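Listed below, chain by chain, are the residues.
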Amino acid sequence: MDFIILEDLKIYLNIGADDTTSDYLLTSLIAPAIKFVESYCQRSFVIREFTDRFTGTFCDFHVLNHYPANSILEISIDGVKTNDYSLEDDIVYLSEKDFCGKCIVKYEVGYTADNIPADLKQACIELACFWYKKKDTLDLASKNLSQQTTTHINKDMPEFIKAKLINYEAKF
């Protein structure tokens, strides 16, 4: 489930709730905007499951490859499942044993509409709205009207949105 919705875009664009003329286009921009931000940050933000497979290093912890982790679904070491672990700040700690041998950690990461950071949500909204506004000027660098020149941004994502994403880029 996406953490931004049509109503978020309409509010940002100041489009009335009863005006449905752009609903299809706006809705079609939500998932691509989120995926573009995920690709830019090299992370997943929508709820997804991941599996880390690795050879243990005889440590009692494992730093997950994806974050933010919501829950651990399963941990097995050499095919034996364990429930004796804790999850803190995207690191799994084992209580009674070490990660050794063939290790598998299945877990869930991502944000919901209830816990997504406001600046990340805003960046996704602004990107979708930027693309929406850009639809009329796709191949136009600038436009002269009377004595005014309007210059258009010819980028997939403007710098002001990138600035909001700095804290969400992959750590490693």
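Our structure's up above, just so we're on the same page.
Reference entry: report on the structure contained in this document. Computed from a predicted model, the values in this text were never measured in an experiment.

### Comments concerning helix α3 (residues 118-134)
Move 1: With 17 residues, α3 extends 24 Å between its outermost C-alpha atoms, agreeing within 8% with the 24 Å of an ideal straight helix rising 1.5 Å per residue.
Move 2: Counting buried residues in α3 gives 12 out of 17 residues, a clear majority hidden from the surface.
Move 3: Looking at the buried side of α3, the elements it contacts are α1 (6-12), α2 (23-41) and α4 (159-165).

### Details of unusual backbone geometry
Move 1: Looking along the chain, the bond that leaves Y67 and enters P68 is cis, with omega of 5°.
Move 2: Mapping P68 onto the fold places it in the loop between β2 (61-63) and β3 (69-77).
Move 3: For Q42, which is not a glycine, the phi torsion comes out positive at approximately 60°.
Move 4: Inspection of the secondary structure puts Q42 in the loop between α2 and β1 (48-55).
Move 5: Take Q42: its relative accessible area is 63%, and that puts it in the exposed class.
Move 6: In this structure, D89 is a non-glycine residue whose phi angle is positive, near 50°.
Move 7: With respect to the helices, strands and loops of the structure, D89 is situated in the loop between β5 (85-88) and β6 (91-94).

### Focus: the packing of aromatic side chains
Move 1: Considering all chains together, one arrives at six aromatic pairs under this definition.
Move 2: With centroids separated by 5.6 Å and ring planes inclined at 55°, the aromatic side chains of F54 and F99 adopt a geometry described as tilted. In this pair, F54 is assigned in strand β1 and F99 in the loop between β6 and β7 (102-109), connecting sequence segments 45 residues apart. F99 matches F54 in its accessibility class, with the two residues each being buried.
Move 3: For the ring pair F61 and Y93, a centre distance of 6.4 Å and an interplane angle of 45° mean the geometry is tilted. Of this pair, F61 sits in strand β2 while Y93 is found in strand β6, placing the two residues 32 residues apart along the sequence.

Cut-offs and rules
Residues numbered from 1 in each chain as written. Predicted model: local features only at pLDDT ≥ 70, side-chain atom pairs only at ≥ 80, totals over all residues. Heavy atoms only, no water. Helix = DSSP H or I, 4+ residues; strand = E, 2+ residues; numbered from the N terminus. Expected span 1.5 Å × (residues − 1). Buried < 20%, exposed > 50% of the residue type's maximum accessible area, 1.4 Å probe, protein only. Contact = heavy atoms within 4.5 Å. Phe/Tyr/Trp six-rings, centres within 6.5 Å; stacked < 30°, edge-to-face > 60°.

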